[in-house]
Amino acid sequence: MSQAEAEQVRSRNPLWTLGLLRSEITTLLRRHRTWALLGVLAAVPVLIGIAVRIETGGGGGGGAGGPDGGAGPAFLAQVTNNGVFLVFAALAATLPVFLPMAVGVVAGDAIAGEASSGTLRYLLVAPAGRTRLLLVKYASVLAFCLVATLVVAASALAVGALLFPVGEVTTISGTRIGIGEGLVRAGLTALVVAVSLTGFAALGLFVSTLTGSGIGAMAATVGLLITVQILDSIPQLSGVHPYLFAHYWMSFADVLREPVHWDDLIKNFQLQGLYVAVFGSAAWARFTAKDVTA
């Protein structure tokens, strides 16, 4: 067996693919830019917690969230009564802009960054295959989605426990659940937020295959995020709102209802799956046919 054939056999080994994915995630997490993004995300709950602490003087004057309470304001009103609510408040504050913007930077740079630095051609010389490389790149972006969301949640939980009392959690429906179940709901909320970013991550990966400029791809992806957020806030365009990837992002608040309301959550998951299928396929079609010269 020739060396080339041996390389092809080795590349088809699932363990080799896992090794490639592990290498990609490790490289991503070692970058200074990644740590800077995670640092900014971790700082948001700290700033929110300190602001609420100063504003209330540490008192428990927040009102209980009613059955019709909104995500952000209702959660903030509860933070002084229970530090666990800082997790939900921080996710509500970071999800519209900070979290997706960080994901947009990573997704936009996934392919275009390699092309602009001149390393994409060398990655394709290895017997990984374009499809496998694209899947590994997307998987690493998904890993960042999860890590970024958990960083926000962990920072918020730590700050909330440090600055405010922690105890039973009052749901948006007005019922009370134990601290253990409250922490489970917080973890599920973080997971829902991470899943909510998968469609946007696929869109960013597609944009990354369209250009050889990492900065250009990141700027375009973030620009699309801002455009969609603006469109979703215009009442006259309500007919297209259900098809915008960000429309159901705040449905994570339904995890804190008793019982959990699944309608909008399921719509969110279905919409994200649609974006992953459409833009993932578009990214594959573009990348597999792309003439890589750098």
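Relevant structure appears above.
Treat the numbers as computed from the prediction; the structure is a model and nothing was measured.

Reading guide: rules and limits
- Residues numbered from 1 in each chain as written.
- Predicted model: local features only at pLDDT ≥ 70, side-chain atom pairs only at ≥ 80, totals over all residues.
- Heavy atoms only, no water.
- Helix = DSSP H or I, 4+ residues; strand = E, 2+ residues; numbered from the N terminus.
- Buried < 20%, exposed > 50% of the residue type's maximum accessible area, 1.4 Å probe, protein only.
- Contact = heavy atoms within 4.5 Å.
- Areas by Shrake-Rupley, 256 points an atom, 1.4 Å probe, with all protein chains shown as cover.
- Expected span 1.5 Å × (residues − 1).
- Polar contact = N/O pair within 3.5 Å; in protein donor to acceptor, adjacent residues only side chain to side chain.
- Axes fitted to C-alpha atoms, helices over the stretch in contact; angles between N-to-C directions.
- Left-handed = near helix turned anticlockwise from the far one by under 90°.
- Nonpolar A, V, L, I, M, F, W, Y, C, P; charged D, E, K, R; others polar.
- Parallel < 35°, antiparallel > 145°, perpendicular 65-115°, else oblique.
- Salt bridge = Lys/Arg side-chain N within 4 Å of Asp/Glu carboxyl O.
- Patch = residues over 30% accessible without salt bridge, like charges linked within 9 Å, V, L, I, M, F, W, Y side chains within 5 Å.

1. Quick notes on the overall build of the protein chain
Here comes step 1: A count of helical and extended segments in the protein chain gives twelve helices and two strands.
Here comes step 2: Along the protein chain, helices and strands appear, N-terminal first, in the series α-α-α-α-α-α-α-α-β-β-α-α-α-α.
Here comes step 3: Across the 294 residues in the protein chain, those meeting the buried criterion constitute 44%.
Here comes step 4: Partitioning the intrachain contacts of the protein chain with sequence separation of at least 6 by distance along the chain shows that 76% fall at a separation of at least 24.
Here comes step 5: Total accessible area on the protein chain is roughly 13,400 Å²; 67% of this is exposed by carbon and sulfur atoms.

2. Thoughts on helix α3 (residues 32-56)
Here comes step 1: End to end, α3 covers 36 Å across 25 residues, agreeing with the expected 36 Å (1.5 Å per residue, within 8%).
Here comes step 2: Regarding α3, the residues found buried are T34, L37, L38, L41, V44, P45, I48, G49 and V52.

3. With respect to the environment of T94
Here comes step 1: Inspection of the secondary structure puts T94 in helix α5 (residues 85-94).
Here comes step 2: Note on T94: relative accessible area 0%, which makes it buried.
Here comes step 3: Taking the C-alpha atoms as reference points, T94 and L41, 53 residues apart in sequence, are found 7.5 Å from one another.
Here comes step 4: Dropping the residues within four chain positions of it, T94 is found in contact with V44, L99, P100 and V152.
Here comes step 5: Within the structure, T94 has its side chain in polar contact with the backbone oxygen of A90 (distance 2.9 Å).

4. What to know about the packing of helix α8 (residues 130-163) against helix α9 (residues 179-196)
Here comes step 1: Two elements in contact, α8 and α9, have axes separated by 8 Å at closest approach and are oriented at 145°. Between α8 and α9 the crossing geometry is right-handed. Packed against α8, whose contacting residues are C145, L146, T149, L150, A153 and L157, the element α9 presents L183, A190, L191, V193 and A194 at the interface.
Here comes step 2: Looking at side-chain class alone, the contact of α8 with α9 contains ten nonpolar, one polar and no charged residues.

5. What to know about the environment of R176
Here comes step 1: Structurally, R176 can be placed in strand β2 (residues 176-177).
Here comes step 2: Given the relative accessible area of 54%, R176 is considered exposed.
Here comes step 3: Distance in space between the C-alpha atoms of R176 and E258 is 8.8 Å, their sequence separation being 82 residues.
Here comes step 4: Leave out the neighbours within four places in its chain, and R176 touches E168, V169 and T170.
Here comes step 5: For R176, the side chain forms a polar contact with the side chain of E168, separated by 3.1 Å.

6. Notes on unusual backbone geometry
Here comes step 1: P259 follows E258 through a cis peptide bond whose omega is 0°.
Here comes step 2: Within the secondary structure, P259 sits in the loop between α11 (214-232) and α12 (263-288).

7. Topic: the packing of α5 against α9
Here comes step 1: Where α5 contacts α9, the axes come no closer than 9 Å and their chain directions differ by 15°. Here α9 runs roughly parallel to α5, going by the angle between their axes. For the element pair α5 and α9, the recorded crossing hand is left-handed. Contacts between α5 and α9 involve V87, F88 and L91 from the first element and G182, R185, A186, T189, A190 and V193 from the second.
Here comes step 2: Residues of the contact of α5 with α9, tallied by class, amount to six nonpolar, two polar and one charged.

8. Topic: the side chain of T189
Here comes step 1: Along the polypeptide, T189 turns up in helix α9.
Here comes step 2: The exposure class assigned to T189 is buried, which follows from its relative accessible area of 0%.
Here comes step 3: Engagement of the side chain of T189 in a polar contact is seen with the backbone oxygen of R185, the distance being 2.8 Å.
Here comes step 4: Not counting the four nearest positions on each side in its chain, T189 is found in contact with F88, L91, F252 and V255.

9. A word on the pattern of salt bridges
Here comes step 1: Following the criterion strictly, the structure yields seven salt bridges and no others.
Here comes step 2: With a shortest N-O distance of 3.0 Å, E24 and K137 are connected by a salt bridge. Here E24 is found in helix α2 (residues 14-30), whereas its partner K137 is found in helix α8, with 113 residues between them in sequence.
Here comes step 3: When its relative accessible area of 14% is taken as the criterion, E24 is described as buried.
Here comes step 4: Judged by relative accessible area, K137 falls into the buried class, the value being 2%.
Here comes step 5: With a shortest N-O distance of 3.1 Å, E168 and R176 are connected by a salt bridge.
Here comes step 6: Connected through shared salt-bridge partners, R31, R33 and D109 make up one network.

10. As for a nonpolar patch on the surface
Here comes step 1: Residues L146, L150, V184, L188, L191 and V195 make up a contiguous nonpolar surface patch of roughly 480 Å² in combined accessible area.
Here comes step 2: Sort the elements by how many residues they give to the nonpolar patch and α9 lands first, with four residues.

Take it as geometry only, folks, not as evidence of what the structure does.
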